[in-house]
Amino acid sequence: MRVLLVEDEEGLSQALVEIFKKNRINIDAVLDGKEGLKYAESQIYDAIILDIMLPGIDGISILKKLRENHNHVPVLLLTAKDDVSDKITGLDAGADDYLTKPFSSDELLARVRALTRRKGEIKEESVTFGDLTLSKNNCELQSAKGAAIKLSLKEYQILSLLFEHPHQIITKEQLIEKIWGGDSNAEYNNVEVYISFIRKKIENLEVKIRIRTARGIGYSLEDETR
């Protein structure tokens, strides 16, 4: 699990980072709205903890921007104690849950775990793009003609990210962060090797889907029939 915390109270932010790390949860923390939006748009996070009152851009505006861009990462809002209007506005804007300050760290952890479980439950068993299907049950690629080929775990994880965002460039940095983790020693070469493996498997299925390279940036999943 990888979590983004957008909270401008530096003391609270540092304390929460330590708590999440002690519970073996990867967490990145930023202190203002503009940076928070930039990090959130990277789409490498499994959940976002978002304070409403932030310098630069407020939490509700960040949330609306994410949902407008079809980013459905689970978001937990941190709200003032008695501000009911913020809670209503946040939920209407697409928040998945909210927590009122002050709160216990145990409750925050429980709510984040619940959000990420819920995210996993609503995932489809397979996802199709053009004439290619990624099966999440048996970790394989399938063509519209019925041919299938097995994937390694890393291949599956990379393809899952590409299938979630077709026609959108996923940078090498995003792939390393999401698949290997920000603390790993993985380099661009690791990504390139796995992309090469995946391309060969897609070509063997004789489908119209291809992984296109954006030179120096990353990769996107494209349909050659369009």
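Relevant structure appears above.
Residues numbered from 1 in each chain as written. Predicted model: local features only at pLDDT ≥ 70, side-chain atom pairs only at ≥ 80, totals over all residues. Heavy atoms only, no water.

Asks: Looking at this model, I keep getting lost on the packing of helix α7 (residues 172-180) against helix α8 (residues 188-204). Mind explaining?
Replies: The angle between the axes and the distance between the axes are what describe a pair of packed helices. Closest axis-to-axis distance for the α7/α8 pair is 10 Å, and the angle between their directions is 85 degrees. Here α7 lies roughly perpendicular to α8, going by the angle between them. Here Lys 172, Glu 173, Leu 175, Ile 176 and Trp 180 of α7 lie close against α8, whose contacting residues are Tyr 188, Asn 190, Val 191, Glu 192 and Tyr 194. Among the residues forming the contact of α7 with α8, the class breakdown is six nonpolar, one polar and three charged. (Axes fitted to C-alpha atoms, helices over the stretch in contact; angles between N-to-C directions. Helix = DSSP H or I, 4+ residues; strand = E, 2+ residues; numbered from the N terminus. Parallel < 35°, antiparallel > 145°, perpendicular 65-115°, else oblique. Contact = heavy atoms within 4.5 Å. Nonpolar A, V, L, I, M, F, W, Y, C, P; charged D, E, K, R; others polar.)

Asks: I would appreciate a short explanation of the sheet that holds strand β10 (residues 170-171) in the present structure.
Replies: Note on sheets: strands pair through backbone hydrogen bonds, and any given pair is parallel or antiparallel. Taking strand neighbours across the sheet as the criterion, the three strands line up as β10-β12-β11 in an open arrangement whose pairing is antiparallel. The open sheet terminates on both sides in strands that have one partner only, identified here as β10 and β11 (209-214). Bridge count between β11 and strand β12 (residues 218-223): six bridges; the pairing is antiparallel. For Ile 209, the partnering residue across the bridge sits in β12 and is Asp 223. (Pairing = 2+ DSSP bridges.)

Asks: For this particular structure, what's the right way to read the packing of aromatic side chains?
Replies: Given two aromatic rings, their pairing is described by the distance between the two centres and the angle made by the two planes. Considering all chains together, one arrives at two aromatic pairs under this definition. An angle of 80 degrees between the planes, with centres 5.9 Å apart, marks the rings of Tyr 194 and Phe 197 as edge-to-face. Residue Tyr 194 and its partner Phe 197 are located together in helix α8, separated by three residues, close to a single helical turn. Exposure remark for Phe 197: the relative accessible area of 40% places this residue in the partly exposed category. (Phe/Tyr/Trp six-rings, centres within 6.5 Å; stacked < 30°, edge-to-face > 60°. Buried < 20%, exposed > 50% of the residue type's maximum accessible area, 1.4 Å probe, protein only.)

Asks: How should I be thinking about the pairing of strand β3 (residues 47-51) in this particular structure?
Replies: In summary, the side chains of a regular strand alternate between the two faces of the sheet. Of all five residues in β3, five are buried; the element is thus mostly enclosed. In β3, alternate side chains face the same way, and those of Ala 47, Ile 49 and Asp 51 on one face and Ile 48 and Leu 50 on the other are all buried. Where strand β1 (residues 2-6) meets β3, four bridges bridge the pair, whose relative direction is parallel. Within the sheet, the bridge partner assigned to Val 6 lies in β3 and is Leu 50. Where β3 and strand β4 (residues 75-79) come together, four bridges link them in parallel fashion. Bridge assignment links Leu 50 to a residue of β4, and that residue is Leu 77.

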